[in-house]
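Chain by chain, the residues:
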Amino acid sequence: MKKALAVLMAAVFCMCSMVGCSQKKQVTIETAEDLNGLKVGVQGGTTGETWVKENCPDTEIASFKSGMDAALDLKNGGVDAVVIDELPASQIVAQNSDLKILDIRFTKEEYAIAIRKGDTELQSAINAAIADMKTSGEYDKLLAAFMPADGEVKIPDEYVSDGSETIKMGTNAAFWPFEYTEGNQIVGFDISMSQYVAQHMGKKLEVVNMDFDALIGAMQAGSIDFIAAGMSVTPERLENVDFSDPYYESEQVIIVRK
Amino acid sequence: MIEVKGLVKSFDGNIVLNGISEHIEKGEKVVIIGPSGSGKSTFLRCLNLLETPDAGEIWFEGEQINTKKCNINRVRRKMGMVFQHFNLFPHLTVLQNITLAPTLLKLQGKAEAEQNAKRLLARIGLLDKADTYPNMLSGGQKQRIAIVRSLAMNPDVMLFDEPTSALDPEMVGEVLELMKELADDGMTMVVVTHEIGFAREVATRVLFMDGGQILEQGAPQIFFENPENERLRDFLSKVL
Amino acid sequence: MDFFMDFFGSIGAFFSGVASDFYQTMIKDGRWLLVAEGLWTTIYIAVCAVLIGTVIGCLLALCKISKSRFLRGIANVYTTIIRGIPLATQLMIFYFVIFAPMGMDRHLVAIIGCGINSGAYVTEIFRAGIQGVDIGQTEAGRSLGLSRLQTMWRIVIPQAVKTALPTYTSEFIALIKETSVLSFIAVMDLNKAGDMIRNATYNAWMPLLSIAAIYLLLTFGLTKLFAILERRLARSDRG
C-alpha cells in the first residue's frame, strides 16, 4: 500500500516537473544551422524531415501527419519552427497572421511523379504527357490557375477521359496548392496534371488519398500505380522508385512565430 | 432487550412487514416460522438494519437504532448474524475470517484475537482447519465457522437467518447441535428456520408469521399442540 | 539434381536477402536505436497511463456504485464521452485544443490522454468487479460491525480485484497496442519508429514486420506474466 502510494507520488512529481518545460520562446534563426538545439516540426516522410535530420543533428524533431498539424503545434508553442515546402508555407502563413516565413533558402528540389522501379513503360508515357502539356500551354494554364499572382485560385475544369481502364494515383491531400480538399473533392495542381496524364494515356484516373509516408510503400505493394504528391526527387527515393521528368521546382522554407 | 414498534417495510410497493410490534427479553430463544414470503427474514434483517424499515421503531438495549443519530456499526457488534449462505470471506483463511472484525475494530489485539479464535475453533472441533480457505470446507463446517465468527465479537444476541436451509441434510445436525449448545449457554437468540424439531426443543417462544404480521405466538408446547390460528394450523399440517 | 540445387539456391538467396534487408533497415546507421527509443516511449507512456487510468478507474468505480446520484452522473458522463470517441481523436483534442496552448509537453499529453482514456475502461472493469462480489459478503461484513469503508476495502475490493484482474490486464495490453496512434501528435512511439525507418529506407515490409514482432513479444510476454500473477491470486479458490 505504502509502496503503491510512493510510486504514484513519484509519477505525479515527474509529470509536474515536465509541465512548463515547453514555454513559447522567441527564437532567432539567421541560418538554417540555427535550427540546432530547437524543436522543429515537420511532416513525416518529407524532404524537410530528412534535411533537418541530416543537417541539424541536435534538433528535436516532431514528425506530424500533415504540415498543417505541425503549423498548429508551432502556434501552440509545442515546436519553435516548422520546415516545409514553400507553397504550402505561404498558404499557412496567409491563414495565420501570427506566423511568418524566414528569409532563408537552403535546398532547391524538384517535384516529379514517382513510379515503381523499372516501370519504364509508364515512365515514358508520363514523360510524354508532361512534355505535351508543356508545349500545348496546358501546363502554364494550370500554373496560372493554382498559383496565381493575386492568390485567387480558380480550379480548372476536369480533364475527362472516357477510357475503360483505370489508373490509380496516390497522393496526400494536405499540401496546398498541389493537393488539398475543396468541399468533399480532392483538387490541386497534381490532381489536374494527373488527369491530363491519364487522359493522354486514354485511361480513367482514380485518386487515392493516404498519409504521405505511406505512399511509397503503397505503390511498392501495388495498391497505387504512381504518386503525384509534390514529391521531391532525392537520391534515397531513387534507390526505391523511379521518377518522371520533374514538373516543378521548389524550396524548403522555415516558418516561425512572429 | 429488543423492542420493535409498528414496523413497516415494503419492496417496490409490496408490503412485506405490516406493522409488527414485538419484545424480546434477554435470554429468550425466539424461533420464527412461517411460509416463504411471509416476511420473517425481512423482520430479522430489520433488527440489525440490514434492511431499513419504512416506518416504526427498533430499540436495542435502551437505544433506538433506526435513527440518524445512532451509530449502527457500534450496535451491530453486539448483534451477531448468521446467514443462510454462510457468507464466509473466501479470500481469507478460517482464522482470518474470525479475527478480521475484532482486530479491525480494535476490540482485541492480534494475538488475543487469534487465541480467542483458536479456542472457539477447538470448541467446534475445527482447530485443524484454521489455516485453510473456506472453499475447502463442507457446508456444515462453513456454517459452524460462520457462527463462531459472530461469537468472536462477544455479541449479546445472535440472529439466525435460515441457517440450515442451504445445507445437505446430513450436515443439518451438526449446525443445530452447535446452536443448542449456544442456547444452553444462555445466549439470547432469534432464529428464522423451518426446523420445527429445533423450535420444539430449544425455543422459549415461537412466533408464526404470515402476510407481514405475527399471527400467533406462544411457548412451543402450547403453540404446536393447540394452534388457534387457521393459517398456522394449515401451515403446521404441511410441515409436520 | 539440378532441381535441388536450384531449390536450395533460391532458399539460400531468400534468406540472404532477408538478412541484408534486416541489416539495411534495422542495423545500418544505428536505426535499431530508433526502435529502442520508440519501444521505451511506448512502454513508459503505457505504464504511466495505466497508473493514471487505475486511479481514475478506482475513484469513478466508487462513484458509480455510490448512493449519490450526482457522483453516479459524473461517472456516467465521463465513461460515455470517453468511450464514445476514438483515442486518436481524443489525443488530438487533448493536444491541439486543450493542453498544447497551455504549454504542455507532447509526451505528457500522451500520458494524460491515454490515462484519461484508459480510466473510462478501467472504471467499467472495476465497477463490474465490485458488483460481481456477492451482496452477502457486504452484509456479512456490515453485520459484524465493520463500517461501509472497512467492508469495501477489506472484504469487497480484494475479491473484486481477483475477478477484475484478467480484464484489467487485458486492458493494459490493449492500451500498449493503442498507443500506436500517438504519432498523431508527433510522439515517437514504437509504431512511429517503424514509420521513420520506412521513410528513411523505403523498405516497407522489414520495419513493419519487425515492429509487429516486437509488439507481439511485448503483449505475449505480459499476457504470460499476468497469467502467473492470476494463478498466484487464485490460490484461495482451490478446493
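Residues numbered from 1 in each chain as written. Chains lettered and ligands numbered in written order. Predicted model: local features only at pLDDT ≥ 70, side-chain atom pairs only at ≥ 80, totals over all residues. Heavy atoms only, no water.

**Things to note about the overall build of chain C**
Stage number 1. Secondary structure summary: chain C contains 9 helices and 0 strands in total.
Stage number 2. Its helices and strands in sequence order give chain C the pattern α-α-α-α-α-α-α-α-α, from N to C terminus.
Stage number 3. At 24 Å, chain C has a C-alpha radius of gyration far larger than the 18 Å of a compact globule built from 239 residues.
Stage number 4. Burial statistics for chain C: of 239 residues in total, 48% are counted as buried.
Stage number 5. Within chain C, contacts between residues at least 6 apart in sequence are counted, and of these 76% link residues at least 24 apart.
Stage number 6. Looking at chain C as shown, the accessible area adds up to about 11800 Å², and 71% of this sits on carbon and sulfur atoms. (Helix = DSSP H or I, 4+ residues; strand = E, 2+ residues; numbered from the N terminus. Rg over C-alpha atoms; globule rule 2.2 N^0.38 Å. Buried < 20%, exposed > 50% of the residue type's maximum accessible area, 1.4 Å probe, protein only. Contact = heavy atoms within 4.5 Å. Areas by Shrake-Rupley, 256 points an atom, 1.4 Å probe, with all protein chains shown as cover.)

**Side note on the pattern of salt bridges**
Residue and element names in this part refer to chain A.
Stage number 1. Evaluated as defined, the whole model comprises 27 salt bridges over all chains.
Stage number 2. With its nearest N and O atoms 3.3 Å apart, the salt bridge here joins Asp211 to Lys65. Taken as a pair, Asp211 in the loop between strand 10 (204–209) and helix 8 (215–220) and Lys65 in the loop between strand 2 (60–64) and helix 3 (67–76) lie far apart in primary sequence, 146 residues in all.
Stage number 3. In this structure Asp211 comes out as partly exposed when scored by relative accessible area, which is 30%.
Stage number 4. When salt bridges that share partners are traced, they join Arg105, Lys108 and Glu251 into one network. (Salt bridge = Lys/Arg side-chain N within 4 Å of Asp/Glu carboxyl O.)

**Description of the packing of aromatic side chains**
Stage number 1. Using the criterion set out here, one finds 19 aromatic pairs over all chains in the structure.
Stage number 2. Ring centres 6.0 Å apart and planes at 40 degrees place the aromatic pair Phe64 of chain A and Phe96 of chain C in the tilted group. Taken as a pair, Phe64 of chain A in strand 2 and Phe96 of chain C in helix 4 (residues 87–99) lie in two separate chains rather than in one.
Stage number 3. A relative accessible area of 1% places Phe64 of chain A in the buried class.
Stage number 4. Given the relative accessible area of 9%, Phe96 of chain C is considered buried.
Stage number 5. Seen from the ring of Phe184 of chain C, Lys65 of chain A lies directly overhead, with NZ or CZ sitting 4.9 Å from the centre.
Stage number 6. Directly above the ring of Tyr139 of chain A sits Lys134 of chain A, whose terminal nitrogen or CZ lies 5.2 Å from the centroid. (Phe/Tyr/Trp six-rings, centres within 6.5 Å; stacked < 30°, edge-to-face > 60°. Lys NZ or Arg CZ within 6 Å of the ring centre and 35° of its normal.)

**Comments concerning the interface of chain B and chain C**
Stage number 1. At the junction of the two partners, chain B supplies 25 residues and chain C supplies 22 residues.
Stage number 2. Taking both partners together, chain B and chain C bury about 2100 Å²; carbon and sulfur atoms supply 59% of that area.
Stage number 3. In terms of surface lost to chain C, no three residues of chain B exceed Phe89, His91 and Leu104 of chain B, which account for 26% of the buried area on that side.
Stage number 4. Applying the counting criterion to the chain B and chain C interface returns 1 salt bridge.
Stage number 5. When the shortest N-O distance is used, the salt bridge between Glu139 of chain C and Arg45 of chain B registers 2.6 Å.
Stage number 6. If you list the elements that add at least two residues to the side of chain B that touches chain C, you get helix 2 (72–76), strand 6 (79–82), helix 3 (94–104) and helix 5 (139–151) of chain B.
Stage number 7. Taken together, the residues of the side of chain B that touches chain C break down into 15 nonpolar, 6 polar and 4 charged. (Buried area = accessible area lost by both parts, 1.4 Å probe. Nonpolar A, V, L, I, M, F, W, Y, C, P; charged D, E, K, R; others polar.)

**Observations regarding the sheet that holds strand 10 of chain A**
Residue and element names in this part refer to chain A.
Stage number 1. Read from one edge to the other, the open sheet built from 5 strands follows the order 10-7-11-6-12, with strand pairing classed as mixed. Each end of this open sheet is capped by a strand with a single partner; those strands are strand 10 and strand 12 (241–243).
Stage number 2. With 2 bridges connecting them, strand 6 (residues 114–116) and strand 11 (residues 226–227) associate as antiparallel partners. Bridging from a neighbouring strand, Ala114 pairs with Ile227 of strand 11.
Stage number 3. Lying on the sheet, helix 5 (residues 120–136) is in contact with strand 6, strand 7 (166–171), strand 11 and strand 12; it crosses strand 6 at an angle near 155 degrees. (Pairing = 2+ DSSP bridges. Axes fitted to C-alpha atoms, helices over the stretch in contact; angles between N-to-C directions.)

**Some words on the side chain of Ser250 of chain A**
All names here are of chain A.
Stage number 1. Topologically, Ser250 is positioned in strand 13 (residues 248–257).
Stage number 2. On the accessibility criterion, Ser250 (2% relative accessible area) is buried.
Stage number 3. A polar contact of 3.1 Å, which involves the side chain of Ser250, links it to the side chain of Tyr111.
Stage number 4. Each residue touching Ser250, except ones within four places of it in the same chain, is listed here: Asp85, Glu86, Thr107, Lys108, Glu109 and Tyr111. (Polar contact = N/O pair within 3.5 Å; in protein donor to acceptor, adjacent residues only side chain to side chain.)

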